[in-house]
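# Structure assessment
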Amino acid sequence: MLTSEDVRYFTDWFMAYTAAFRSEDPATEANLRYKKEHSLRVRDRMVAIGRELRLSPEQMTLAETTGLFHDVGRFEQYARYRTFKDYLTEDHALLGLSILERERVFRGHGSEEEKESIFTAVKYHNKLSIPETVGGDTLVLCQLIRDADKLDILDQVVRFYENPEK
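Structure report, in brief. Keep in mind it's a predicted model, so treat the numbers as computed, not measured.

Parameters and conventions
Residues numbered from 1 in each chain as written. Predicted model: local features only at pLDDT ≥ 70, side-chain atom pairs only at ≥ 80, totals over all residues. Heavy atoms only, no water. Axes fitted to C-alpha atoms, helices over the stretch in contact; angles between N-to-C directions. Helix = DSSP H or I, 4+ residues; strand = E, 2+ residues; numbered from the N terminus. Parallel < 35°, antiparallel > 145°, perpendicular 65-115°, else oblique. Contact = heavy atoms within 4.5 Å. Nonpolar A, V, L, I, M, F, W, Y, C, P; charged D, E, K, R; others polar. Expected span 1.5 Å × (residues − 1). Buried < 20%, exposed > 50% of the residue type's maximum accessible area, 1.4 Å probe, protein only. Salt bridge = Lys/Arg side-chain N within 4 Å of Asp/Glu carboxyl O. Core = buried A, V, L, I, M, F, W, Y, C linked by side-chain atoms within 4.5 Å. Patch = residues over 30% accessible without salt bridge, like charges linked within 9 Å, V, L, I, M, F, W, Y side chains within 5 Å. Areas by Shrake-Rupley, 256 points an atom, 1.4 Å probe, with all protein chains shown as cover. Left-handed = near helix turned anticlockwise from the far one by under 90°.

Right, let's get into the packing of helix 5 (residues 92-102) against helix 6 (residues 112-124). With their axes 8 Å apart at the nearest point, helix 5 and helix 6 run at an angle of 150 degrees to one another. Judged by the angle between their axes, helix 5 and helix 6 are roughly antiparallel. Residues Ala93, Leu94, Leu97, Leu100 and Glu101 of helix 5 touch helix 6, and the partners they reach there are Lys115, Phe119, Val122 and Lys123. Residue composition of the contact of helix 5 with helix 6, by class: six nonpolar, no polar and three charged.

Positionally, glutamate 29 belongs in helix 2 (residues 26-52). Non-local contacts of glutamate 29, meaning those with residues more than four positions away in its chain, are made with Arg22 and Ser23.

A separate point is helix 3 (residues 57-69). With 13 residues, helix 3 should reach 18 Å at 1.5 Å per residue; the first-to-last C-alpha distance of 19 Å fits that figure. Within helix 3, 10 of the 13 residues are buried, leaving the element largely enclosed by the surrounding structure. Those residues of helix 3 that sit buried are Gln59, Met60, Thr61, Leu62, Ala63, Thr65, Thr66, Gly67, Leu68 and Phe69. Along its buried surface, helix 3 packs onto helix 1 (4-19), helix 2, helix 5, helix 6 and helix 7 (136-162).

With that out of the way, let us pick up the pattern of salt bridges. Evaluated as defined, the whole model comprises 13 salt bridges. The partner of arginine 102 in a salt bridge is glutamate 76, with the nearest N and O atoms 2.9 Å apart. Placement of arginine 102 in helix 5 and of glutamate 76 in helix 4 (residues 73-81) is noted, with a sequence separation of 26 residues between them. On the basis of relative accessible area, arginine 102 is assigned to the partly exposed category, the value being 46%. For the salt bridge of lysine 127 with aspartate 91, the shortest nitrogen-to-oxygen distance reads 2.6 Å. On the criterion of sequence distance, the pair formed by lysine 127 in the loop between helix 6 and helix 7 and aspartate 91 in the loop between helix 4 and helix 5 is long-range, its members being 36 residues apart. On the basis of relative accessibility, which here comes to 25%, the residue lysine 127 falls in the partly exposed class. Through salt bridges that share partners, Glu76, Arg80, Glu90, Arg102 and Glu103 make up one connected network.

Turning our attention to the nonpolar core. Grouped together as the largest cluster of nonpolar side chains are 39 residues, with contacts concentrated most on Trp13, Phe14, Met46, Phe69, Leu100, Phe106 and Ile118. Non-local contacts of tryptophan 13, meaning those with residues more than four positions away in its chain, are made with Phe69, Val72, Ile99, Leu100, Glu103 and Val105.

A cluster of nonpolar residues, Ile153, Val157, Phe160 and Tyr161, forms a patch on the protein surface that exposes about 410 Å² of accessible area. Here isoleucine 153 falls in the partly exposed class, since its relative accessible area comes to 35%.

As a further point, take the packing of helix 6 against helix 7. As a packed pair, helix 6 and helix 7 sit with axes 9 Å apart at the nearest point and diverge in direction by 40 degrees. Viewed along their axes, helix 6 and helix 7 adopt a mutual orientation that is oblique. Considering the relative orientation of helix 6 and helix 7, their crossing is right-handed. When helix 6 is examined against helix 7, the residues Ser117, Ile118, Thr120, Ala121 and Tyr124 are found in contact with a partner set consisting of Thr138, Leu141, Cys142, Ile145 and Arg146. When grouped by side-chain class, the residues that make up the contact of helix 6 with helix 7 number six nonpolar, three polar and one charged.

Right, let's get into helix 4. Helical geometry note: an α-helix holds 3.6 residues per turn, so side chains three or four residues apart project in the same direction. Every buried residue of helix 4 is listed here: Gly73, Arg74, Phe75, Glu76, Gln77 and Tyr78. Next to the buried residues of helix 4 lie helix 1, helix 2 and helix 5. Immediately downstream of helix 4, the backbone of arginine 82 shows phi near 60 degrees, a positive value.

This is the structure:
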């Protein structure tokens, strides 16, 4: 079962992984910093929504981890292609899953079932619909990440239009 120690490990891994993509180019650095901050905000939104829904401690660790990892593919995507546009490159959710596998991030952390729930939620967070075959706690996780992600994006769009010169 995933624990708060596992979540700390995942957070440390995420911070180290994203730090490896630092750039001397100010525009590149700004884009990568935005995605890192977005991931952390989405993680925090997942926790806040989870508390409101009175999720169990086990569900909360899944939610927090999913929020943290939902856009992990964005960093390699930008390094390879210099854009975040999936339609011009590749699906950042699937790229993220391949990175988590390649880096063996879940090795020794949580159960296979927990990993699969997180992977399913990451896989579908940017899709128009969640397959009907997804159910139970995994469906809740999929719905949570889609909502938390869109809420953060909406907030950022509103902030941009309120103060576009920044």
